[in-house]
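This is what each chain is made of:
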Amino acid sequence: MPENVMETPIPGFKMKLYRSPISGDAWVEVGGVQSVSVDDVAREEIEIAMRGSEWKRIMPGMMEAMSATFKMVHNIVPGMETLIRNDILNGTATKYAMVNGDITASGTEGWSIPVYVTQMNRSEELSEIVANDIKVKLGFITDGTSLVEPEWLTI
């Protein structure tokens with residue numbers, strides 16, 4: 001049974017987003033990010049219906065293709081925006097990590113996902129800052145010998 005110990009909540013502004021090439025862990029912080037959302041962390045349900053019972057049941061199926069979305073302020077880190085734009089234009093595989101602090105600090109944790117950039121929309125609202133809405137999605141990506149899987153990082 002879990003202990004009844006309360007931990008301190010982490011405000012969103014302390015969370016960090018990192019990008020890395022598929023080979024290795026050369027993590028670079030993605031600057032100018034406003035909001036990040038990890039989406040589709042879900043498992044399919046396989047439905048089972050049998051004669052002799054009025055109840056349908058389920059069993060766990062495959063995991064969904066998880067994704068992440070983030071909003072990045074335009075031109076705050078111009079080199080990063082260019083990298084991400086090239087990722088979508090060239091179909092480049094990368095890794096993103098959404099973690100609760102510095103990726104080198106002990107105790108940091110969060111998702112690392114091998115992805116392709118699937119959307120990079122730019123919003124130019126009259127009374128708001130120009131920003132890019134970016135979506136990355138789990139891709140069929142190998143490291144040369146095997147598939148690169150999403151993982152929960154714990155430093």
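Heads up: these notes are all about the structure in this document. (Residues numbered from 1 in each chain as written. Predicted model: local features only at pLDDT ≥ 70, side-chain atom pairs only at ≥ 80, totals over all residues. Heavy atoms only, no water.)

Quick notes on the packing of aromatic side chains
Inspection of every chain in the model, using the stated rule, returns two aromatic pairs. When the ring of Phe 70 is compared with that of Tyr 96, the centres are 5.7 Å apart and the planes differ by 40 degrees; the resulting orientation is tilted. Here Phe 70, found in strand β6 (residues 67-73), pairs with Tyr 96, found in strand β7 (residues 94-99); they are 26 residues apart in sequence, far enough to count as distant. Exposure class is identical for Phe 70 and Tyr 96. Each is buried. For the pair Trp 111 and Trp 152, a centre-to-centre distance of 5.4 Å together with 90 degrees between the ring planes defines the contact as edge-to-face. You can see Trp 111 sitting in strand β8 (residues 109-123) and its partner Trp 152 sitting in strand β10 (residues 151-154), a full 41 residues away along the chain. With a relative accessible area of 23%, Trp 111 lands in the partly exposed category. (Phe/Tyr/Trp six-rings, centres within 6.5 Å; stacked < 30°, edge-to-face > 60°. Helix = DSSP H or I, 4+ residues; strand = E, 2+ residues; numbered from the N terminus. Buried < 20%, exposed > 50% of the residue type's maximum accessible area, 1.4 Å probe, protein only.)

Quick notes on the pattern of salt bridges
Tallying each qualifying case throughout the model produces five salt bridges. The partner of Asp 87 in a salt bridge is Arg 19, and the shortest N-O contact between them spans 2.9 Å. Taken together, the positions of Asp 87 in helix α1 (residues 78-90) and Arg 19 in strand β1 (residues 16-21) put the pair 68 residues apart, joining distant regions of the chain. Exposure class is identical for Asp 87 and Arg 19. Each is buried. (Salt bridge = Lys/Arg side-chain N within 4 Å of Asp/Glu carboxyl O.)

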